[in-house]
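Each chain, written out:
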Amino acid sequence: MANAASGMAVNDDCKLKFLELKAKRTYRFIVFKIDEKQKEVVVEKVGEPSSSYDEFAAALPTDECRYAIYDFDFVTEENCQKSKIFFIAWSPDSSRVRSKMLYASSKDRFKRELDGIQVELQATDPTEMGLDVFRSRSN
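### A short note on the overall build of the protein
Tallying secondary structure elements over the protein gives 4 helices and 6 strands in all. The order of α-helices and β-strands along the protein, N terminus first, is β-α-β-β-α-β-β-α-β-α. The globule rule puts the C-alpha radius of gyration for 139 residues at 14 Å, and the 15 Å found for the protein is close to it. Overall size of the protein, expressed as C-alpha extent along the three principal axes, is 45 × 30 × 20 Å. Going through the 139 residues of the protein one by one, you find that 43% of them count as buried.

Written out as structure tokens, the structure reads:
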């Protein structure tokens, strides 16, 4: 099913990988990209559960838009181990205008396919999605 706004479909692998991250914690992060030729959102990269935040940040290109899911583990003030699933719309200032428009117009439909996102971030540079941002948005 294509999105009327942007014509983007969502590859089934995107939903499967997200469900594995959510239910089984098979991955620490998933990076998605829009395949403009296929006109669909596809999985570009997954991070093993042991992957660090730095590995996640390095998986996002500096000059191209992406969507990403990050499973953030943290400890509450009551000393409870918790995790939150973050959706990041990565749209660096240096990316093409057409690409930014395509990702912006496809975002809401793509997010609806991934049931279980707890926090959404929009980031144009790494400081807007740093660990400090994750921590502040997790409380």
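More follows now that the structure is in view.
### Observations concerning unusual backbone geometry
In the Ramachandran plot, Arg25 falls in the positive-phi region, its phi being about 55° despite a non-glycine side chain. Looking at the secondary structure, you find Arg25 in the loop between helix H1 (12–24) and strand E2 (29–35). With a phi angle near 55°, Lys39 is a residue other than glycine that sits in the positive phi range. By the secondary structure assignment, Lys39 is in the loop between E2 and strand E3 (40–47). By relative accessible area, which is 46% here, Lys39 ends up partly exposed.

### Overview of the packing of aromatic side chains
Tallying each qualifying case throughout the model produces 15 aromatic pairs. With a centroid separation of 4.9 Å and an interplanar angle of 70°, the aromatic rings of Phe32 and Phe110 are classed as edge-to-face. With Phe32 in strand E2 and Phe110 in helix H3 (residues 97–113), this residue pair connects regions lying 78 residues apart in the sequence. Each member of the pair, Phe32 as well as Phe110, carries the same accessibility label: buried.

### What about the environment of Val46?
Mapped onto the elements of the fold, Val46 is located in strand E3. For the pair Val46 and Ala68, spaced 22 residues apart in the sequence, the C-alpha separation amounts to 9.6 Å. The residues contacting Val46, other than those within four sequence positions of it, are Lys17, Tyr27, Phe29 and Ile30.

### Some thoughts on the nonpolar core
The biggest cluster of nonpolar side chains holds 20 residues, and the ones touching the most others in it are Phe32, Ile34, Val41, Tyr67, Ile69 and Phe110. Breaking this core down by element, the ones donating at least two residues are H1, E2, strand E4 (66–75), strand E5 (81–90) and H3. What Phe110 contacts, discounting residues up to four positions off in sequence, is Val10, Cys14, Phe32, Val41, Tyr67 and Phe87. Tyr53, Phe56, Tyr70 and Val119 belong to the second-largest nonpolar core, a separate cluster that totals 19 residues.

### Points about the pairing of E2
Within E2, 5 of the 7 residues are buried, which leaves the element mostly enclosed by the surrounding structure. Examined bridge by bridge, E2 and E3 share 7 bridges and lie antiparallel to one another. By the bridge assignment for E3, Asp35 is matched with Glu40. Joining the antiparallel neighbours E2 and E3 is a turn of 4 residues, in which Lys39 adopts a positive phi near 55°. Relative to E4, E2 runs antiparallel, the two being bridged by 4 bridges. Looking across to E4, one finds that Phe29 is bridged to Tyr70.

The rules behind the values
Residues numbered from 1 in each chain as written. Predicted model: local features only at pLDDT ≥ 70, side-chain atom pairs only at ≥ 80, totals over all residues. Heavy atoms only, no water. Helix = DSSP H or I, 4+ residues; strand = E, 2+ residues; numbered from the N terminus. Rg over C-alpha atoms; globule rule 2.2 N^0.38 Å. Buried < 20%, exposed > 50% of the residue type's maximum accessible area, 1.4 Å probe, protein only. Phe/Tyr/Trp six-rings, centres within 6.5 Å; stacked < 30°, edge-to-face > 60°. Contact = heavy atoms within 4.5 Å. Core = buried A, V, L, I, M, F, W, Y, C linked by side-chain atoms within 4.5 Å. Pairing = 2+ DSSP bridges.

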